Amino acid sequence: MAKNKRRYICQECNYKALKWSGKCPNCNSWNTLTEKIIDQKQKKKEKKLAADVIPQSIDEIEITTEDRVGTEFTELDRVLGGGVVLGSLTLIGGDPGIGKSTLLLQTSHNISQQGKKVLYVSGEESEKQIKLRADRLKTVNSDLYILAETNLLSIIKSSKKLQPELIIIDSIQTVHNPQLESAPGSVSQVRECTARLMHLAKKEGVPVVLIGHVTKEGSIAGPRTLEHMVDTVLYFEGDRNHVYRILRAVKNRFGSTNEIGIFTMEQEGLTEVLNPSQAFIEERPQEISGSVVIPCLEGTRPILIELQALVGTANFGTPSRMTTGIDHKRVSLLLAVLEKRLGLHIQGQDIYVNIAGGFQVNEPAVDLGIIVAVVSSFRDLVVPENVAVVGEVGLSGEIRAVNQIEKRINEASKLGFTEFIIPKSNLETLTNVDPNVRINAVRDIREVLDFILGGE
């Protein structure tokens, strides 16, 4: 009779070791190896469990449009690609307290108002706690069912009995399968529970949404295979000191990963921001140096942001360089371009760059705005209120083209901007722009600064 084998599996990287040690040999994490019993009889059962399947030619497969359920959140539907796809498995992660449970409880209420049954499973709160939160958010509905349970088998049994049209698991790290000996939240438990829920979603055709914890680095806790198993991965971001929350898709089998949804956190829950451009620049100070507006692009959505810079004399030997909402290395690169190509002596200056409103920007189209804001603050000259700037800056100081320039200009012109500084190479692509706006096409940063700062 074959004996069962013992293996020690790392909860961080899934590395398998023959004996226990305090430190994982693969990822160097401490106290992460846990014991697992491997049943040798399982291998003998594989041949009996295998079913006969017939491969199908790809040109014989019929394509049908996937059915979706609208969430009545325009921002959420945009990120998902038009709504929740039936039979899909979605994973949403974010920092503690950012609003993941609030978003999904409000979404559950919206869908239950359509006459669809929704099962909200919580492994972190009791039914009474969820009811208190639902009363505050005004999301009480007779078709919204609450289940406080962590046993995976009980959850699956309850869902098959209720036959809901949406299942929400809050959170996947608290769910456990009693058939496994490992603790809830371990690699094997998270992987197995996700696989069983995926099978439930595909077999029953019911969409399942999982809430996932995140690590201190910001990634979803658990094995990396968790993100590969699901159909959609969403991240709910934002600074808890600001009211804005950003919903991003980093994986989406049924839509684009370039779209974002913007919400504000209020006392009654999350509210959609349908016009984020106006929201981000409505508190822009007047007649202040170091402030410039940039038309950014998130997916297919143009958004106006205010970029601020503050330049002052360093009080210590090493000047300070700090950024918020933008890549620190990118700012350092552009400061080097300013010193080399324009001869500005800013090596002894403290420089701070900030994106107002807690927004995060990664695209290179903000390069020109960073340079204009830094020089504006350094020379204490005000950028005109009606001017918007956009363009990528190369190491030689040239202004490079950006994509979808017309969308950026048209969005800014709706909010009263009448002058634009754009790359010269983008001028040829302009065909449908408001005739009342003034376009200034430039080749390098010297032309930009001569225009905005009066040639000083």
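Everything below is about the structure shown above.
Residues numbered from 1 in each chain as written. Predicted model: local features only at pLDDT ≥ 70, side-chain atom pairs only at ≥ 80, totals over all residues. Heavy atoms only, no water.

(A) View of the packing of aromatic side chains. With the rule as written, the count across this model stands at 4 aromatic pairs. An aromatic cluster of three or more residues is present, and its members are Phe73, Phe236 and Phe263. (Phe/Tyr/Trp six-rings, centres within 6.5 Å; stacked < 30°, edge-to-face > 60°.)

(B) Quick look at helix H9 (residues 328-342). In this model H9 runs 21 Å from its N-terminal to its C-terminal C-alpha over 15 residues, within 8% of the 21 Å that 1.5 Å per residue would give. Those residues of H9 lying buried are Val331, Leu334, Leu335, Val337, Leu338 and Leu342. Buried residues of H9, seen end-on, are gathered within an arc of 155 degrees and therefore sit on one face of the element. Among the exposed residues of H9, those pointing more than 90 degrees away from its buried face are Lys329 and Lys340. (Helix = DSSP H or I, 4+ residues; strand = E, 2+ residues; numbered from the N terminus. Expected span 1.5 Å × (residues − 1). Buried < 20%, exposed > 50% of the residue type's maximum accessible area, 1.4 Å probe, protein only. Arc of directions from axis to C-beta.)

(C) Looking closely at the nonpolar core. Core analysis: the biggest nonpolar cluster contains 47 residues, and Ile262, Ile305, Leu307, Leu338, Phe359 and Val374 have the highest contact counts within it. Of all the elements, helix H10 (residues 367-379) adds the most residues to this core, at 7 residues. (Core = buried A, V, L, I, M, F, W, Y, C linked by side-chain atoms within 4.5 Å.)

(D) Structural detail: the environment of serine 126. With respect to the helices, strands and loops of the structure, serine 126 is situated in the loop between strand E7 (118-122) and helix H4 (127-137). Residues serine 126 and isoleucine 146 lie 20 residues apart in sequence; the distance between their C-alpha atoms is 9.1 Å.

(E) Local environment of the sheet that holds strand E11 (residues 232-237). Reading across from one edge, E8-E7-E9-E10-E6-E11-E12-E13-E14 is the order of the 9 strands in this open sheet, with mixed pairing throughout. Each having just a single partner strand, strand E8 (144-148) and strand E14 (269-272) make up the two edges of the open sheet. Across the sheet, the mean angle from the axis of one strand to that of its neighbour is 25 degrees, orientation sign disregarded. (Pairing = 2+ DSSP bridges. Axes fitted to C-alpha atoms, helices over the stretch in contact; angles between N-to-C directions.)

(F) Main features of empty space enclosed by the protein. Under the counting rule described, the total for this entry stands at 5 cavities of 30 Å³ or more. Quantified by volume, the largest cavity comes out at close to 100 Å³. Along its surface, the largest cavity is lined by 13 residues, and Leu76, Leu80, Val84, Leu104 and Val209 are the ones closest to its centre. At the level of secondary structure, the elements contributing two or more residues to the lining of the largest cavity comprise helix H2 (74-80), strand E6 (89-94), helix H3 (100-112) and strand E9 (166-170). Class assignment for the residues of the lining of the largest cavity results in 10 nonpolar, 3 polar and no charged. (1 Å grid on protein atoms, 1.4 Å probe; cavity = no way out; pocket = protein on both sides within 12 Å on 5 of 7 lines; lining within 4 Å. Points joined across faces, edges and corners; volume = space filled by probe spheres on them. Nonpolar A, V, L, I, M, F, W, Y, C, P; charged D, E, K, R; others polar.)

Keep in mind these numbers describe shape, not what the thing actually does.
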